[in-house]
Structure formats: C-alpha cells, structure tokens
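Tertiary structure, described
As a plain string of letters, each chain reads:
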Amino acid sequence: MKKRKERIDRGIKVRSADIFALCSWREMLYLSSPRLLPIVGLFLLSFLLSLYWQKVLLSVSVFALLAISWDLLAQSGMVSLGQALFFGMGAYLAGIMNHYWGWSPFLTIPVATLFGGLFCTVLLLPVLRLRGIYFAMVTLILPIMLVRVIEATKIFGGTEGISGLSPLPSRWLELYIIIFALLAALFGFRRLMGSDFGLVLKGINDNDRSVMNAGINIYWFKAQALFIASSVGAFAGAFMTHVYMFVGMPVFALDYSILPIAAAIVGGAGTFAGAMFGAFILVPLSEILRGLGGLRIVFYGLFLVVFIVALPEGIFHYIQRKYHQFERWVEVEK
Amino acid sequence: MLLGTLIYGFVNSVILALVALGFNLTFGISGVANFAYGALYILAGFLSWVLFNSVDLPYAFAALFSVLLTAIAGALMYRFVLLRIRGMVLSEVIATFGIGLSILELFKYLGFIGFEYTLPVFIDSSIDIGQVVIDMQRVFIVTIGIAMAGFLWLFTHHTKTGLRFRGIAQDERTALSLGINSDWVATLSVSFGAAYAAIAAIVILPLGTITVDHGYEVLINALAVCIVGGLGSTGGVVIASFLLGYAQTFTATYLESHWVMVVPLVAILAILAIKPSGLYGEQKELEERI
Amino acid sequence: MSPSPLLKVNNLSKYFGGVQAVNSVSFELVEGELLGFIGPNGSGKTTIVNLITGFVKPTGGEVIYRGQDITGWPPYKVVRLGIARTFQMVRPFYQLPAFKNMIIPLYSPRVKRMAGGKYGDRDAMALDLLEEVGFERDSFVAYKIASVLPQGYLKRLELAKGISLQPDLLILDELFSGLSLAEVASIVPIIEKLRHGGMTIIMIEHRLKELFRIADRVIVLNFGGVIADGLPREVMDSEEVKKAYLGIEED
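Keep in mind that this is a model prediction, so the values were computed, not measured. (Residues numbered from 1 in each chain as written. Chains lettered and ligands numbered in written order. Predicted model: local features only at pLDDT ≥ 70, side-chain atom pairs only at ≥ 80, totals over all residues.)

1. Concerning the overall build of chain A
Heads up, the rule is: Helix numbering and strand numbering both begin at the N terminus, where a helix is a DSSP run of H or I of at least 4 residues and a strand a DSSP run of E of at least 2. Our radius of gyration looks at C-alpha atoms and nothing else; its globule reference is 2.2 Å times the residue count to the power 0.38. With C-beta atoms placed from the backbone, a residue counts as buried when 20 or more other C-beta atoms lie within 10 Å of its own, as exposed when 12 or fewer do, and as partly exposed for counts between those limits. Working definition of a contact: two residues with C-beta atoms, positioned from the backbone, lying within 7 Å.
Helices and strands together make up the secondary structure of chain A, namely 13 helices and 4 strands. Here chain A has a C-alpha radius of gyration of 21 Å; the compact-globule value for 334 residues is 20 Å, and the two agree. With the C-alpha coordinates of chain A rotated into their principal frame, the extents come out at 75 × 50 × 40 Å. Scored against the burial criterion, the 334 residues of chain A give a buried share of 49%. Of all intrachain contacts in chain A linking residues separated by at least 6 positions in sequence, the fraction that spans at least 24 positions is 78%.

2. Describing the overall build of chain C
When helices and strands are counted, chain C shows 11 helices and 10 strands. When the 251 residues of chain C are sorted by exposure, 44% land in the buried category. Counted over contacts in chain C with a minimum sequence separation of 6, partners at least 24 positions apart contribute 69%.

3. Observations concerning the pairing of strand β10 (residues 225-230) of chain C
All names here are of chain C. Basically, it comes down to this: Two strands qualify as a pair provided that DSSP identifies no fewer than 2 bridges between them.
When strand β9 (residues 217-222) meets β10, the two strands line up antiparallel, connected through 5 bridges. Looking at β10, one finds that Leu-221 is bridged to Val-226. The antiparallel hairpin formed by β9 and β10 contains 2 residues in its connecting segment, where Phe-223 sits at a positive phi of about 50°.

4. Focus: the interface of chain A and chain B
Rule in force here: Think of it as three bins: nonpolar holds Ala, Val, Leu, Ile, Met, Phe, Trp, Tyr, Cys and Pro, charged holds Asp, Glu, Lys and Arg, and polar takes everything else, Gly as well.
Counting residues at the interface gives 39 residues for chain A, matched by 38 residues for chain B. Considering every element that reaches the side of chain A that touches chain B, the biggest residue donor is helix α6 (residues 132-153) of chain A, with 13 residues. For the side of chain A that touches chain B, the class distribution of residues is 29 nonpolar, 5 polar and 5 charged.

5. Concerning the packing of helix α3 (residues 51-75) of chain A against helix α7 (residues 171-194) of chain A
Residue and element names in this part refer to chain A. Let me state the cut-off plainly: In this analysis, axes come from line fits to C-alpha atoms, helices being fitted only over the stretch in contact, and the angle between any two N-to-C directions falls in the range 0 to 180 degrees. With respect to orientation, any angle under 35 degrees is reported as roughly parallel, any angle over 145 as roughly antiparallel, any angle of 65 to 115 as roughly perpendicular, and every other angle as oblique. Helix crossings get a hand from a simple test, with the near helix turned counterclockwise from the far one by less than a right angle marking a left-handed crossing and a clockwise turn marking a right-handed one.
Interaxial distance between α3 and α7 falls to 10 Å at its minimum, and their mutual angle equals 20°. Classed by the angle they form, the pair α3 and α7 counts as roughly parallel. Two packed elements cross with a definite hand, and for α3 against α7 that hand is left-handed. Facing α3, whose interface residues are Gln-54, Leu-57, Leu-58, Ser-61, Val-62, Ala-64, Leu-65, Ile-68, Leu-72 and Gln-75, α7 presents Glu-174, Leu-175, Ile-178, Ile-179, Ala-181, Leu-182, Ala-185, Leu-186, Phe-189 and Met-193. Counted by class, the contact of α3 with α7 contains 16 nonpolar, 3 polar and 1 charged residues.

6. Some words on unusual backbone geometry
In most cases, non-glycine residues show a negative phi, while peptide bonds are predominantly trans. All names here are of chain C. Positive phi is not limited to glycine here, since Arg-66 has a value of about 50°. Unlike most non-glycine residues, Glu-174 shows phi in positive territory, near 50°. With respect to the helices, strands and loops of the structure, Glu-174 is situated in the loop between β7 (169-173) and α8 (181-196).

7. Description of the pairing of strand β2 (residues 132-135) of chain B
Here strand β1 (residues 126-129) of chain B runs beside β2(B); their pairing, made up of 4 bridges, is antiparallel. Looking across to β2(B), one finds that B:Ser126 is bridged to B:Asp135.

8. What to know about the confidence of the model for chain A
For any part of a model where pLDDT is low, the fine detail of the predicted coordinates should not be relied upon. Our working rule: pLDDT: the predictor's confidence for each residue, scored from 0 to 100.
On average, chain A scores 88 in pLDDT, and the residues at 70 or more come to 100%. Across chain A, the element-wise mean pLDDT spans from 81 in helix α1 (residues 11-15) of chain A up to 95 in helix α9 (residues 218-244) of chain A.

9. Points about the sheet that holds strand β2 (residues 19-29) of chain C
Residue and element names in this part refer to chain C. In space, the 4 strands of this open sheet follow the order β2-β1-β4-β5, with antiparallel pairing throughout. Both outer strands of the open sheet, β2 and β5 (68-69), are each paired with one neighbouring strand and no more. With 2 bridges connecting them, strand β4 (residues 60-65) and β5 associate as antiparallel partners. Of the residues in β5, the one forming a bridge with Ile-64 is Asp-69.

10. Some details on the packing of helix α4 (residues 83-101) of chain A against helix α10 (residues 254-267) of chain A
All names here are of chain A. Following both chains from N to C, one finds α4 and α10 inclined at 130°, their axes separated by 7 Å at the closest point. Here α10 runs oblique to α4, going by the angle between their axes. Every pair of crossing elements has a handedness; the one defined by α4 and α10 is right-handed. Taking contact as the criterion, the partners of Gln-83, Ala-84 and Phe-87 in α4 are, on α10, Leu-254, Tyr-256, Ser-257 and Pro-260.

11. Considerations on helix α9 (residues 212-229) of chain B
Residue and element names in this part refer to chain B. This is how the line gets drawn: By definition here, a helix of n residues has an expected span of 1.5 Å times n minus one.
Along its 18 residues, α9 runs 26 Å from first to last C-alpha, staying within 8% of the 26 Å computed at 1.5 Å per residue. Counting buried positions over the 18 residues of α9 gives 15, a clear majority of the element. Positive backbone phi, at 105°, marks Gly-230, one or two positions downstream of α9.

12. Concerning the environment of B:Glu116
Residue and element names in this part refer to chain B. Within the secondary structure layout, Glu-116 lies in the loop between α4 (89-109) and β1. Its 10 C-beta neighbours within 10 Å are what place Glu-116 among the exposed residues. Along the chain, Glu-116 and Leu-104 lie 12 residues apart, while their C-alpha atoms are 18 Å from each other.

13. Regarding the domain arrangement of chain C
Rule in force here: These domain boundaries are the output of an automatic or database domain assignment.
Each assigned domain of chain C is listed with its residue range as follows: domain 1 (1-82 + 171-178 + 199-251) and domain 2 (88-166). Listed by partner, the interface residues are 8 residues for domain 1 of chain C and 8 residues for domain 2 of chain C.

14. Notes on the environment of B:Ile29
Along the chain, B:Ile29 falls in helix α1 (residues 2-30). B:Ile29 sits 190 residues away from B:Leu219 along the chain, and the two C-alpha atoms are 18 Å apart.

15. Digging into the sheet that holds β10(C)
The strands that make up a sheet pair up through hydrogen bonds in the backbone, lying either parallel or antiparallel. All names here are of chain C. Here 6 strands make up an open sheet; going across it, the order is β6-β7-β8-β3-β9-β10 and the pairing mixed. The sheet is open, and its two borders are formed by β6 (83-85) and β10, each paired with just one other strand. Strand-to-strand twist in this sheet, taken as the mean axis angle between neighbours without regard to direction, amounts to 15°. One ladder, built from 5 bridges, connects β7 with strand β8 (residues 200-204); its direction is parallel. Residue pairing in the sheet places Leu-170 in a bridge with Ile-201 of β8.

This is the structure in structure tokens:
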C-alpha cells in the first residue's frame, strides 16, 4: 500500500478566515498570538533581562532592523551585500551633525535617517538599471572603499573616529526607541508588501519585463524600495552612534553586512518576521560563541551556505507551516 | 623617475589584470559571480606554502599541485553547491560569498598569520631598464600576465571548448539545443577561474607575505576592475586594469600614498555616473534582455 | 482625404551583433484598423513590436505615434501614451490568483489618468475585466492560482492585462498560438468587440485562416523586411509571399 504525505490547513485556520475569526476567542487568539508574541515578548524581555543581556537585546534589535531592511530589498529583486553601507552612512551623518554642529540626538537621528537614505539611494541609482549582480557588487565594495578613504584621508576623525558624542537621555529610552522602531519596521513592512504597492515590487522581482509592460516605471519603484530600506539601515546606524557615543571606521565593518543576510536566510527570507527571528537566534548565539573568536564568522559562512542550498525557506517558514497546517500519511489512490 | 613610474605602473596594471581575469572569466562564461574568488586565491597561496614547507615538495611541484587543487576546489564548489542553486542569482552570490568567508576566516582562525608565510620568488635577481631596477619576479609577473591574457583570448576564440564557452555565454538555450552541455561548461568555467586565481596567487604573492586580508582585497580589486571595465568583457578588464593600475601608481608617486585607495572608489563612482555597465560593458539595459 | 495615421514607422532597423533582424521596415496604421503581421519564424515580427514598444532600441529609423516621435522611448512611457502589447510567451505571476495578476497593470499611472486621477477599486476592476475576456464569474475561475490555469485562460489573462491599460493601439503577439479552434473561435468575438469600440489593433499571427477573417490589412515579413502590404487576399496571391511561405496550407 503506497502512502504519501498530505498537508492540510488546520481546522482552526480555516475557521478563523476573514470575519469568522470574530466568532470566538479561540480563533481570535489563534490569529493574534503570532502578532502579539514579538510585541509582548520584546517588552517583557526588556524588563526581565539583566543589564548585560539588555545590551544584547539592543544589538539584536539593530541587526534585526538591518535584516528586515535586507529582506525588503531582496523581495524587490535587489540583493544587498552591503547593509553596512546604509548603517555606516547613517552613523557618520549623525556623528558629524552632533560633533560639528552640536545637534541633539533627537535631531541628528531623524535627519541622518532621511539623508542617509537619500544619499545611499542616489549613490546606487545608476546600478538599478543593470543586472542584479551589479547591485550586489557595488553594495559590497562601497562600504569597504569608504573605510579605505576615511583611513587614507583622515577625514571625520580618520582611524580614531569621533568620540565623545551625546548619548540618549536614558538607558530605558534607548531600549524602547529601538524596540519600537523594530516593531514599526516589522509590521510596517509587512503591511507595505501586502499592499498593491508591494505586489508591484514583488512583480518586479518575479518578472520585471511584465511590470514594465504594464506602464510602470520599475526604476522609480525600485528606487522607492531602496530609499525605504536604506533609511531603516541609516536609522540603525544613527541610533548606535548615540548609544556608543562614538562613530568610526568599524561602522562599515563586514559584520553589519553579513549578519543581517545570515539572519534573514536562516530565519527565512520573504516574511520580515523570519529575518527578525533569525536575528534573535544568531546574535545571542554569536554572543555566546564570543569565546571562539574568528571561528564565529566561519560558522556564519557555513550556515549561510547550508541554508541557502538545503533549507532556503528558513526556519520561520517551517514554523509557520507547522502552525497553519498539519501533515498526515494518506494512501495513494489507484 | 618617470620611467620608473611608467614601468611600475605597468607591473601594477598587469597584477590587477591577472587578478581580475579569472573572476571575469567565470562570470563571462557561465554568469556565475564567484565571490569566493579571493578565498581561492589565498587558498592557493597557503596550499603552496604548506606543500613547500611542511610537506617539503620542491617548489615547482608545490606550485603546480596547488593550482590543480584550487581548480578542483572550484569544480567541487560548483558541483556540490552552485549546481543546486543555478540560475538564482541571489543564492549564487550569497553561497559563494559564504564559502569564501568561511575559507578566509578559517585560515585566520587556524593561525595562518605571520611573517613566515611567504612564497619564494622564482629567480632572485633583477634587471635594469634604463636607470630603473626591476626585480625578476615582477618581470615574471608581466610575462605570465600577458601570456594568460593571450591564452584566454586564443582559447575562447579558437578552440572548440572555448567556442562552446562563448556560445553558452551568448545564448544558453540555443547552445543547449546544439548539444553543448551547460553544466559541464559551467563547472569548467568555475574551475578555470579558480585556476587563474591560483596562478595569479603563485606569481604575485612572492612580492610580500600571504595575509588573509589580502584575500578580501583581491576580491575587491577584481570587482572594481570588472565594474570599471565591464563584466564579461576581457578587453574591458584589461583596459580598466591599466587605467586603475596607472592611476594608482601615479597617485602613489606624485601624491601621498594613502590616496591610492581613493582611486578605485573615484573610478567606480565615475563609471556609475557616466556608463554604469562599464567601459566595454556588454550589459545591455534591462530592457534589452529580451 | 485620408486621416493622418495613428502610427507611422519609417525605415525601422535593428542590427543584433551580426544579424540584421529588422531591415528598414516602413508602414502606416490608420485609427480603427486591424493590421495583421505575418511571416515565417524569425522574420522579425516580434522584434518590430519590441522596437515600437521600447523593449529594444532601434539601430535606425523612427517610430511616430500620433505625430510624436517615440523612437527609443522606454516601455513605460510608450504604454502611458496609449500603446499596449501582449507577449508571445505568456508568463503570469504563477503564485498569484488570476485576478491578482491584474492588479499590477491596474496600478499603472495610465489607468489612474484614464480614470480621471483616481485608481478605483482594483479588485473589482480586475474581476470585471476578466469577465470581459471570458473568465466566467459563476465558476470563480478568476480566483484560481495562475499555475493551475490552462493555456486558453492564460492567453485571455494576457489579453485582459493589455485591455486594462485602455490602449488606443493594442498589439497582440501570437495570441492564438497554442489554442484550440474552439478557444480561438471564442476569443475572436472579444477582439471584434474591441474594434467596434474604436481600438486599433495589430496582430502577429501564424493562424492565417482566423486572422484573415478579421484583418483589414496584412503585412508580410521575411528576413526582417516587408515583402507585401495590402488586403489579405491580394497578399496571399503574391509570388514572393508564396515563396517565403513554402509549405503554407492552401485554404
């Protein structure tokens, strides 16, 4: 008797479709708990964790933001190998404004976010017209080049960087700003990609010729996606400048480019929640593995390869599937 | 002074070209951007070192073996990883990047850091050109560089396999229907590119020590040259190498040396502004991919 | 007094690294005409469409639409002027339901402009358009994921995408290919209806019998050049055309 595996939506998923969810508490809970989990979880963690782990939570949130930003670009057909570009751009802009003009963090961060996004978009505009590989190459090279330039020309503090920058008023404010930003990005991006605008972006990724044929200027759309993603990255950078009260060449480090990609791939590209999930796994893991030194990056690299080849859907997709569907063995009909 | 700058500029350019040719080769033929390129370069270097110093092979054999082994590494990389994600640019880039990263950082972790990691020069002497003294190794580099570029051109234009390569590059579907085995060609192209990286490593590394960071630099230089020259065009890569090579050498001589790294950045930004697909870029705008 | 042509193509050429795909093609199109483009495979029909609609840049010649030179304009600008085209190889967004496939054309600025500045309910418009091309509302076919739809429906979807842009000139690239006689017979009325609504249409086709029933005029291409331009009957009597079409089935 031959059998095959069959995957069926769970009863509760079907019952909670659309407006029927309002019929009962169980259904409403089924729908809302995945969404409430990150919100409640993050706030609880912020209370319960020790000071050291709070710093880790901060770091997780920053990388999660970068991973989510990466995911947006990937869904729109742009593979960024240089999230560090956005991060570093925002970081330096905030540091410069604070150091040379004396602006407060509440001014530098928003402005750095906006202009960081703008600069990066304009910088990458010419490659949007070319094959995707150019985008990957240029985003990889630019942060590395910028580091060399800073090192060589010694501008903006050169190798020492700029220190003594203004901090944010309180440790709690720091934490809540970044958590709020993370949740805003998460839910905001999900909303965006679920809308018709997002559909166009996904269409561009899937079959850009078809979208061009519909009279849509795909470069304008790609530029918009790039601006949004790079602004989020710039925000993360500007924010961290004021957390560390320092900005220097390390903001363009390869770490800020690689870890977000690994987080998104391991967690599951395409859902934003997966990217965040991946960050929540990899960053604490990297903290725990700190003792291993350089071996950490070897692991990231291997993780990346293994997941990309064997489990491209990522862990989150797997969990999501289990949550919404169940499997059973079924006899194959003759 | 000028003669010296001209000559060293030439050498510098050939070095850049040597490094970029392999990467360009792989991409031009099979469309695979091998971001593990720098890692393969360093792998060849360390392999030679280990074979020569720890296994005590005569250097010629060590060098030859390491080229072979690196080429095999490239082929394995294609067969086991790239083959499964063929056609998905995102995955290919990330996977090769991940592999390259792992290799490089593994070397770092295993402690391959230090001044003892050098490769011997082939002939330890120098010649005079006018009033300029050039060491034989650099002369050797130039010779090999020209030979490799020439060989590449001859191969892709005049041998059966080479023509198959170009067929695939131009139109994969048609090539497939003509019986050209795309996967085999792709494996060869990655392998070839890796071999080129290895040869470049063996020839160039004796100029200094083998460092892991140099691996990243090699990838960056290769990318920079390809961006400026145009991915897929051998002619463009050569011309871009000379442009960048001379610009860097002149900068080092007449301006301060730390402006040297600014050159590639300026070149990239300039190319992006003027002709994003590169000087001899064959990348037509997206519209013309039909 | 003949009306000024809607579309005028002058000596349009395209040279693709070694191959003269389109060789100095010239023709005119009057508003309301249904023009057929026929010719053996590789004669350059699709390339001409690509040249007109901006997917490929010409190496020579010009394209003039309503008196405006649109040579080399990118596709999105050409569409916004009122020219729409379908593709020979239909490739919908396979993971999406049929009606969601319509959302992207309906998101186009042209649709917004034609509707007077607002987009309107795209989902409803999508379903209406699909119904017009034969997606029966009762069967909820429009909700099916594109990957399960047969070729006949996919072709209709492609047609609907073109129509949704409310073009003045609609170019259909081998719409009938891969369809059964019955399917073709059911699509023809849709095209006739569009004509009666005033749309100008160019159809590239291999299905000559069906094309000749509805075309006003036919242009025959071979090796990138025009070898005949006239009424369907006349064109088929030409010796050159017969030579080009060795093995053509006699009606």
